[in-house]
Amino acid sequence: MLLYRYDLVEVAFLGSWLQLADWPDARFRDDFLKLLAADTLAVGTSEHTEIYRIIERKDPLRPHVPPEYVCEPLTILECPAMNGGVAFSHRGQLAIGGNHLASVFDLETGGMLVKNETEDRVRCVAISNDGEALVIGGFDKRVHLKMIESGTRLYHFSYDGKAMVKSVHLSSDSLHLAMGCDCAGKGAVLMFNVESAKMTHVWKNDKAVWAVRFASSAQGRRIAQKLAGDARAAVLAPCGRRR
């Protein structure tokens, strides 16, 4: 998970919270950020997407002092993420969604693997850990799952076609899909079985759900949600109880 506060960035790094106080440019404060790889940060802006390497600096003379972390610029991808999002696979691909476009890049070569134009604006993207499937959600109130290599659209998921999709995520085994929604100011977290495209669980909320994420090893058993206007995150189990 990632939390952005006006003049600093906080990221979840190897299970602990670390603060990167000296962020390079304050104009990113309203942009979309996502950390997935342990040492790589993608920052999607309205103009392009910037890639940074997170470097850990330890003082060998003071082993008990927490290490410092700095962001080293790596490259810029000429692909904006305006009103959208970014996501990594475990194989070094980066999905970028924004405006009417969802793209996938190979970070090692910088080459574009997929360029998917959409009729409606893209709000969020996810990518499977093996880099084979791309998930696109947005203002058409549906989530689409497509195979990256062939471009084949396999499934689409929705909440009765009434809710705006704010966030999507695949479980580590790609068998479950979580969706965070906004339905006229109220929200819901939905979980689908990817193979059957059937909804398996629903958690309703009084506020819109802006972010959802499976725990990396949960395989569909735990989902974290972030509500609009709420600084807290709740952990959900498929039985419907909050943890």
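Residues numbered from 1 in each chain as written. Predicted model: local features only at pLDDT ≥ 70, side-chain atom pairs only at ≥ 80, totals over all residues. Heavy atoms only, no water.

Caption draft 1: Main features of the overall build of the chain. When you go through the chain residue by residue, the secondary structure sums to zero helices and 22 strands. Buried positions account for 44% of the 243 residues belonging to the chain. Long-range pairs, those at least 24 residues apart, make up 36% of the contacts in the chain between residues at least 6 apart in sequence. Of the roughly 12800 Å² of accessible surface on the chain, a fraction of 49% belongs to carbon and sulfur atoms. (Helix = DSSP H or I, 4+ residues; strand = E, 2+ residues; numbered from the N terminus. Buried < 20%, exposed > 50% of the residue type's maximum accessible area, 1.4 Å probe, protein only. Contact = heavy atoms within 4.5 Å. Areas by Shrake-Rupley, 256 points an atom, 1.4 Å probe, with all protein chains shown as cover.)

Caption draft 2: Quick look at the packing of aromatic side chains. On inspection of all chains with the given rule, the structure shows one aromatic pair. A cation over a ring is seen here: R121 above F139, with NZ or CZ 4.0 Å from the ring centre. In this arrangement the basic side chain of K166 is found over the ring face of W210, its NZ or CZ atom lying 4.1 Å from the centre. (Phe/Tyr/Trp six-rings, centres within 6.5 Å; stacked < 30°, edge-to-face > 60°. Lys NZ or Arg CZ within 6 Å of the ring centre and 35° of its normal.)

Caption draft 3: Just the sheet that holds strand β11 (residues 112-117), in detail. The four strands are arranged β8-β9-β10-β11 in an open sheet whose pairing can be described as antiparallel. On the outer flanks of this sheet lie β8 (85-88) and β11, each paired with one strand and no other. When the angles between neighbouring strand axes are averaged without regard to direction, this sheet yields 10 degrees. Bridge count between β8 and strand β9 (residues 93-98): four bridges; the pairing is antiparallel. Counterpart to F88 in the pairing with β9 is L94. (Pairing = 2+ DSSP bridges. Axes fitted to C-alpha atoms, helices over the stretch in contact; angles between N-to-C directions.)

Caption draft 4: The sheet that holds strand β13 (residues 133-138), seen in detail. In space, the four strands of this open sheet follow the order β12-β13-β14-β15, with antiparallel pairing throughout. The strands lining the two open edges of the sheet, one partner per strand, are β12 (122-127) and β15 (153-157). Looking at each pair of strands side by side, their axes are set apart by 20 degrees on average, direction ignored. When strand β14 (residues 143-147) meets β15, the two strands line up antiparallel, connected through four bridges. Bridging from a neighbouring strand, L145 pairs with Y155 of β15.

Caption draft 5: Representation of the side chain of H144 in the model. On the secondary structure map, H144 appears in strand β14. A relative accessible area of 8% places H144 in the buried class. Polar side-chain contacts of H144 include one of 3.0 Å to the side chain of D140. Ignoring any residue separated from it by four or fewer positions in sequence, one finds H144 in contact with L134, V135, I136, R153, Y155 and H156. (Polar contact = N/O pair within 3.5 Å; in protein donor to acceptor, adjacent residues only side chain to side chain.)

Caption draft 6: Quick look at the pattern of salt bridges. Applying the stated rule across the entire model yields three salt bridges. In this structure, K58 and E56 form a salt bridge, with 3.5 Å as the shortest nitrogen-oxygen distance. Of the residues examined, K58 reaches a relative accessible area of 61% and is grouped as exposed. Using a relative accessible area of 38% as the deciding quantity, one classes E56 as partly exposed. (Salt bridge = Lys/Arg side-chain N within 4 Å of Asp/Glu carboxyl O.)

Caption draft 7: Seen up close, the environment of D140. Tracing the backbone shows D140 in the loop between β13 and β14. Through-space distance from the C-alpha of D140 to that of V165 is 8.2 Å; in sequence the pair is 25 residues apart. One polar contact links the side chain of D140 to the main-chain amide nitrogen of R142, over a distance of 3.1 Å.

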